[in-house]
Amino acid sequence: MAHRTLVLGGARSGKSAHAEGLLAETDPVTYVATSRRDPSDREWTERIAEHVARRPDTWRTVEAGDPGELRRVLAEPPDGSPLLVDDLATWLTGVLDDAGAWDRDPDALRRVSADADALVGAVRTCRARLVLVSAEVGLGIVPATRSGRLFRDELGALNARLAEVCDEVVLLVAGLPLRLR
Ligand SMILES: Nc1nc2c(ncn2[C@@H]2O[C@H](COP(=O)(O)OP(=O)(O)OP(=O)(O)O)[C@@H](O)[C@H]2O)c(=O)[nH]1
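Computed from a predicted structure; not experimentally measured.

1. Quick notes on the overall build of the chain
Then, in step 1: Secondary structure assignment for the chain yields six helices and seven strands.
Then, in step 2: For the chain, the sequential pattern of α-helices and β-strands runs β-α-β-α-β-α-β-α-α-β-α-β-β.
Then, in step 3: Scaling as 2.2 N^0.38, a compact globule of 181 residues should have a C-alpha radius of gyration of about 16 Å, and the chain matches this with 16 Å.
Then, in step 4: Expressed along its principal axes, the backbone C-alpha trace of the chain runs to roughly 45 × 35 × 35 Å.
Then, in step 5: Within the chain, contacts between residues separated by at least 24 positions form 76% of all contacts whose residues are at least 6 apart in sequence.
Then, in step 6: Counting only carbon and sulfur atoms, one obtains 53% of the accessible surface of the chain, whose full area is about 9,400 Å².
Then, in step 7: Counting 24 positive and 29 negative side-chain charges, the chain places the centres of these two groups 4 Å from one another.

This is the structure we're talking about:
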């Protein structure tokens, strides 16, 4: 069995469901949610509620909207249980927000880079079975905004580094898994 799996895919590709399926026979699982809740955003709140409703009752959820929280969970997985991290694109959004990096300030970008290094290191040394979900956003047209291009580039680089430290890598396209490693 793979120890570290990276599940990539575009929006609505079915990557979360695929990742959940990989751990369906395992119980309990710690689900690490990296997105930040925003009560003013009804659509996002409903999406999260759908996720919560479809997870087995026995799974534990860790709210890791603070990017550093993910590192802490990877270093000390609760009860050594398998971890499902959903997802690295929202984790990166939080890092870019917190660093104030959207305008490409060099110091802010250095902080982003340091956080990415620390994350990759924490994934490499994580002792628990680990399934990481991340978005593949590099296949469409070049984003019109500087911030859009920054996000696309930073996420593409992060995904490549995560793939290096995972023993299994899968790309979801139209709900179908394509095994890359
Ligand atoms: N804060 C929080 N976020 C959650 C929770 N459950 C799921 N999420 C977030 O929901 C997001 C996934 O939403 P989806 O709508 O499935 O993503 P998608 O990319 O459009 O669709 P798929 O590719 O099909 O997975 C991830 O960023 C998760 O962090 C939760 O309990 N709390």
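2. Quick look at the site of the ligand
Then, in step 1: The ligand sits among 23 residues. The nearest are Lys15, Ser16, His51, Asp86 and Asp87.
Then, in step 2: Coverage of the ligand by the protein chains reaches 93% of its 660 Å² of free accessible surface.
Then, in step 3: Using a 2 Å cut-off from the grid points, one finds that the ligand occupies the largest pocket.
Then, in step 4: If you list the elements that add at least two residues to the shell around the ligand, you get α1 (15-22), β2 (30-33), α2 (42-54) and β3 (60-63).
Then, in step 5: Considering every element that reaches the shell around the ligand, the biggest residue donor is α2, with five residues.
Then, in step 6: Tallied by class, the residues present in the shell around the ligand amount to six nonpolar, nine polar and eight charged.

3. Notes on the layout of surface pockets
Then, in step 1: Estimates place the volume of the largest pocket at around 630 Å³.
Then, in step 2: Taken together, 26 residues make up the lining of the largest pocket; nearest its centre are Ser16, Trp44, Arg47, His51 and Asp86.
Then, in step 3: The set of elements that each furnish at least two residues to the lining of the largest pocket consists of α1, β2, α2 and α4 (88-99).
Then, in step 4: Broken down by element, the lining of the largest pocket gets its largest block of residues, seven residues, from α2.

4. Side note on the packing of aromatic side chains
Then, in step 1: Overall, the coordinates contain one aromatic pair when judged by the stated rule.
Then, in step 2: Looking at Arg55, its charged tip hangs above the ring of Tyr31, at a distance of 3.7 Å from the centre.

5. Re the pairing of strand β7 (residues 176-179)
Then, in step 1: Sheet analysis places strand β6 (residues 168-173) next to β7, joined by four bridges and oriented antiparallel. Following the sheet pairing, Leu172 is matched in β7 by Pro177.

6. Quick notes on the confidence of the model for the chain
Where the model shows low pLDDT, its predicted coordinates should not be examined in detail.
Then, in step 1: Averaged over the chain, the pLDDT score is 95; the fraction of residues at 70 or greater is 99%.
Then, in step 2: Scoring the predicted complex yields pTM 0.95 and, for the interface, ipTM 0.93.

7. Notes on helix α3 (residues 67-75)
Then, in step 1: All of the buried residues along α3 are Pro67, Gly68, Leu70, Val73 and Leu74.
Then, in step 2: Packing partners of the buried residues in α3 comprise β2, β3, β4 (83-86), α4, α5 (106-125) and β5 (130-135).

8. Focus: the pattern of salt bridges
Then, in step 1: In total, this model carries 13 salt bridges according to the counting rule given.
Then, in step 2: The shortest N-O distance in the salt bridge between Glu43 and Arg47 comes to 3.1 Å. Here the residue Glu43 and the residue Arg47 both occupy positions in helix α2, the gap between them amounting to four residues, near one helical turn.
Then, in step 3: On the accessibility criterion, Glu43 (47% relative accessible area) is partly exposed.

9. Here's the deal with the environment of Leu130
Then, in step 1: Residue position: Leu130 is located in strand β5.
Then, in step 2: Among the residues examined, Leu130 registers a relative accessible area of 0% and is labelled buried.
Then, in step 3: A sequence separation of 109 residues divides Leu130 from Gly21, and the C-alpha atoms of the two residues are 13 Å apart.

Rules used in this analysis
Residues numbered from 1 in each chain as written. Predicted model: local features only at pLDDT ≥ 70, side-chain atom pairs only at ≥ 80, totals over all residues. Heavy atoms only, no water. Helix = DSSP H or I, 4+ residues; strand = E, 2+ residues; numbered from the N terminus. Rg over C-alpha atoms; globule rule 2.2 N^0.38 Å. Contact = heavy atoms within 4.5 Å. Areas by Shrake-Rupley, 256 points an atom, 1.4 Å probe, with all protein chains shown as cover. Lys, Arg positive; Asp, Glu negative; His and termini not counted. Charge placed at Lys NZ, Arg CZ, Asp CG, Glu CD. Near = heavy atom within 4 Å. 1 Å grid on protein atoms, 1.4 Å probe; cavity = no way out; pocket = protein on both sides within 12 Å on 5 of 7 lines; lining within 4 Å. Sits in = over half its atoms within 2 Å of the grid points. Nonpolar A, V, L, I, M, F, W, Y, C, P; charged D, E, K, R; others polar. Points joined across faces, edges and corners; volume = space filled by probe spheres on them. Phe/Tyr/Trp six-rings, centres within 6.5 Å; stacked < 30°, edge-to-face > 60°. Lys NZ or Arg CZ within 6 Å of the ring centre and 35° of its normal. Pairing = 2+ DSSP bridges. pLDDT = per-residue confidence, 0-100. Buried < 20%, exposed > 50% of the residue type's maximum accessible area, 1.4 Å probe, protein only. Salt bridge = Lys/Arg side-chain N within 4 Å of Asp/Glu carboxyl O.

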